[in-house]
Amino acid sequence: DVDLIGPQDAYFSMQVSPVLDDEKNFRSVVAIFHDITELKKFDRLRIEFVANVSHELKTPLTSIKGFVETLQSGALKDPENAKRFLDIINKQTGRLENLVNDLLTLSSLESRELAMDFRGEDIGKIVQSVLGLNKKQIERLGHTIDVTVPLNLPHVRVDRQRIEQVILNLLDNAVKFTPPGGVIAVKAAADGDFIRLDVRDNGIGIASEHIPRLFERFYRVDKARSRELGGTGLGLAIVKHIILAHNGKISVTSKFGEGPIFPSFFPSHQQQR
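What you see is a predicted model, and the numbers here were worked out from it, not measured in a lab. (Residues numbered from 1 in each chain as written. Predicted model: local features only at pLDDT ≥ 70, side-chain atom pairs only at ≥ 80, totals over all residues. Heavy atoms only, no water.)

Engineer: Where do I start with the overall build of the protein in this structure?
Structural biologist: What the protein contains, in helices and strands, is seven helices and 11 strands. The C-alpha atoms of the protein give a radius of gyration of 25 Å, which is well past the 19 Å a tight globule of 273 residues would have. Dimensions of the protein along its principal axes, counting C-alpha atoms only, are 90 × 65 × 40 Å. Within the protein, contacts between residues at least 6 apart in sequence are counted, and of these 66% link residues at least 24 apart. Total accessible area computed for the protein in this model is approximately 16700 Å², and 52% of it derives from carbon and sulfur atoms. Within the protein, the 36 negative side-chain charges are centred at a point lying 5 Å from the centre of the 36 positive side-chain charges. (Helix = DSSP H or I, 4+ residues; strand = E, 2+ residues; numbered from the N terminus. Rg over C-alpha atoms; globule rule 2.2 N^0.38 Å. Contact = heavy atoms within 4.5 Å. Areas by Shrake-Rupley, 256 points an atom, 1.4 Å probe, with all protein chains shown as cover. Lys, Arg positive; Asp, Glu negative; His and termini not counted. Charge placed at Lys NZ, Arg CZ, Asp CG, Glu CD.)

Shown next, in the form of structure tokens:
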């Protein structure tokens, strides 16, 4: 058996066997090629996932351990610094908690163990509910929110809690990565048997080379900024898996310098009757 690397990162496993005649004389060779590109891809993703999880866990744990040791070494006697250190420990603990929760959610989605309660829902009401959760952050950054959802739009067949999570993650990204005073638009419209929901902003945009990997676990366009803003690197992966669990689809359109558009499609409740 021999592994071969083809053009454009294609991988093949080749098995070569001799062909003998009735008298055991060598006549020819038979070569069988197996395309193992997907297996190699999944193996690479598995290795990257383990390395990323280890790194994401190690960073806050190192910080927590360091400040605990500092407190134990006498910093507890300095109330001002002790409070500051405890605030940092609390922040890093929250970061760990968010990471673990996102990992558990993603694992449940990928294994299809997460129960879904599909019902006919008004996408406009779901959007307004999520905007209420982000209201303080939106106001603090001075963003303008432009919502366009027709009143006569057919309901979507969704698990409301999970779709709220989808919209919350998309909106949270738009709010965080748009400079203060930006414009964030949420638009819904009928599109065949689906309801299309677009979330877009007028931020810095995403360079084209990042688009194919944007929904991968732990993939970040700007690693330093994402961690600074408290992101776990799993938000868009969770969004993708929730939408797939609804028999929907999501994509992204963007280029550097122009804000991205995230169009997601959910089955219309009318089509399920």
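Engineer: Would you explain the side chain of T178 in this entry?
Structural biologist: Along the chain, the position of T178 falls in the loop between α5 (160–176) and β7 (183–191). At a separation of 3.4 Å, a polar atom in the side chain of T178 contacts the side chain of D201. In this structure, T178 is in contact with H143, V183, I184, D201, N202 and G203, ignoring residues within four places of it in sequence. (Polar contact = N/O pair within 3.5 Å; in protein donor to acceptor, adjacent residues only side chain to side chain.)

Engineer: Could you clarify how one ought to interpret a nonpolar patch on the surface in this entry?
Structural biologist: Taken together, V16, L20, F26 and V29 make up a surface patch of nonpolar side chains, about 390 Å² in accessible area. Contributions of two or more residues to the nonpolar patch are made by β2 (11–20) and β3 (26–35). Here F26 lies in strand β3. Given the relative accessible area of 53%, F26 is considered exposed. (Patch = residues over 30% accessible without salt bridge, like charges linked within 9 Å, V, L, I, M, F, W, Y side chains within 5 Å. Salt bridge = Lys/Arg side-chain N within 4 Å of Asp/Glu carboxyl O. Buried < 20%, exposed > 50% of the residue type's maximum accessible area, 1.4 Å probe, protein only.)

Engineer: Honestly, the packing of aromatic side chains in this entry has me stumped. Any pointers?
Structural biologist: What describes a pair of aromatic rings is the distance from one ring centre to the other and the angle between the planes of the rings. If you walk through the whole model with that rule in mind, you get two aromatic pairs. With a centroid separation of 5.1 Å and 40° between ring planes, the pair formed by F67 and F85 is classed as tilted. One end of the pair, F67, is in helix α1 (residues 37–72); the other, F85, is in helix α2 (residues 79–110), and 18 residues separate them in sequence. On the basis of relative accessible area, F85 is assigned to the buried category, the value being 10%. Both rings, one in F215 and one in F262, keep their centres 6.3 Å apart while their planes meet at 85°; by these two values the pair is edge-to-face. Of this pair, F215 sits in the loop between β8 (194–201) and α6 (223–228) while F262 sits in strand β11 (residues 258–267), and the two are 47 residues apart along the sequence. Considered together, F215 and F262 belong to a single accessibility category, that of buried residues. Taking the ring centre of F194 as reference, the NZ or CZ of K249 above it sits at 5.6 Å. Over the ring of F265 we find K249; its NZ or CZ atom is 5.1 Å from the centre of that ring. (Phe/Tyr/Trp six-rings, centres within 6.5 Å; stacked < 30°, edge-to-face > 60°. Lys NZ or Arg CZ within 6 Å of the ring centre and 35° of its normal.)

Engineer: Would you mind going over the pairing of β3 with me for this structure?
Structural biologist: Regular strands have side chains that alternate between both faces of the sheet. When β2 meets β3, the two strands line up antiparallel, connected through nine bridges. The residue of β3 that forms the bridge with S13 is H34. Between the end of β2 and the start of β3, which pair antiparallel, lie five residues, with K24 showing a positive phi angle near 70°. (Pairing = 2+ DSSP bridges.)

Engineer: Where do I start with the side chain of S268 in this structure?
Structural biologist: On the secondary structure map, S268 appears in the segment after β11. In this structure S268 comes out as buried when scored by relative accessible area, which is 4%. With near-sequence residues (within four places) excluded, S268 lies in contact with P154, H155, R157, D193, F194 and I195.

Engineer: Please clarify how the pattern of salt bridges should be interpreted in this entry.
Structural biologist: Where charged atoms from two side chains of opposite charge come close, those side chains can pair. Scanning the model with the defined rule gives 11 salt bridges in all. The shortest N-O distance in the salt bridge between D117 and R119 comes to 3.0 Å. The closest approach of N and O atoms between R196 and D198, which form a salt bridge, is 2.7 Å. Taking relative accessible area as the criterion, D198 reaches 14% and is therefore assigned buried. Each of E56, R95 and R220 takes part in one network of salt bridges that share partners.

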